[in-house]
Amino acid sequence: GLSNYIRILFQDEVSQLALRNNLVWTAGAVLIPTGIGLLLAVGLNSTSVVSRTMRTLYYAPAVLPLISVGLIWGWLYNPHFGAINVFLKSVGLGQFAGGWLSSYEMALPATFITYVWSHVGFPMMLYLAGLQAIPREQYEAARIDGATRWETFRYIALPGLKETHVIVLSLAVINGFRVFDLIYTMTYGGPGRSTHVLGTWMYFQTFQYYEAGYGAAISWVIAAI
């Protein structure tokens, strides 16, 4: 019964670590991909060929399965022949090369960078749709009144995106708490258990340690959040 939930919240240090990782991950997911997506949407809000091409390039990672994304970036982060370390060494920054996914301090941030790369395109497209729904007359009136670009963005674009903000931020919170694929494929919860989130710890408890009741309790905690 409730003993599983008591264990999750007060007794199991890995569950508490996984919850903290989830909270940090979700805070980053709410701020960084959505912020970058909004900036890209503002910058690419035109009908030019260059703008349409750049939209396609930025959105392309969003259509890839996260398992594939995790495998690709796992190779990029490889400490011996990964492209990132090879590049750093080739430009004289070899002192910064290292085992990105084997470091207790860097494994979770390195994995989160992959998450950002693959999740910027979707909020960008939602914000683009929201920006294009704002009547052009409002921008023209602001231009006639002498509004600067920042004032136009602050007083017309941001209020006009209010409903889009709700959708984007809600999806960011949901995706932040249900993250599993990238952690599983890139770090497998390691090194040690430092990169576990609730989703991976639930999987390990259920299918590795055969504690299905405890795994189900973790899943209910995720659902409640």
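That block above? That's the structure.
Definitions and limits used
- Residues numbered from 1 in each chain as written.
- Predicted model: local features only at pLDDT ≥ 70, side-chain atom pairs only at ≥ 80, totals over all residues.
- Heavy atoms only, no water.
- Helix = DSSP H or I, 4+ residues; strand = E, 2+ residues; numbered from the N terminus.
- Buried < 20%, exposed > 50% of the residue type's maximum accessible area, 1.4 Å probe, protein only.
- Contact = heavy atoms within 4.5 Å.
- Arc of directions from axis to C-beta.
- Core = buried A, V, L, I, M, F, W, Y, C linked by side-chain atoms within 4.5 Å.

## Observations concerning the overall build of the protein
Helix and strand content of the protein: 13 helices and 0 strands. In the protein, the succession of α and β elements from N to C terminus is α-α-α-α-α-α-α-α-α-α-α-α-α. Principal-axis analysis of the C-alpha atoms gives the protein an extent of 65 × 50 × 25 Å. A burial count over the protein gives 40% of its 225 residues as buried. Residue pairs at least 24 apart in sequence account for 67% of intrachain contacts in the protein once pairs closer than 6 positions are excluded.

## As for helix 4 (residues 66–76)
Burial in helix 4 covers these residues: Val 69, Gly 70 and Trp 73. With its buried residues spanning 100 degrees around the axis, helix 4 presents them on a single face. The secondary structure elements touched by the buried residues of helix 4 are helix 5 (83–90), helix 6 (107–119) and helix 11 (181–186).

## So, the nonpolar core
By size, the foremost hydrophobic cluster in this structure holds 35 residues, and its most contacted members are Trp 25, Tyr 77 and Leu 131. At the level of secondary structure, the elements contributing two or more residues to this core comprise helix 2 (13–43), helix 4, helix 6, helix 7 (121–133), helix 8 (136–144), helix 9 (149–160) and helix 11. For Trp 25, the residues in contact, after removing those within four places along its chain, are Leu 108, Thr 111, Phe 112, Tyr 115, Gly 176, Val 179 and Ile 183. Formed by 11 residues, the second largest nonpolar core is a distinct cluster that contains Ile 8, Val 14, Phe 204 and Ala 217.

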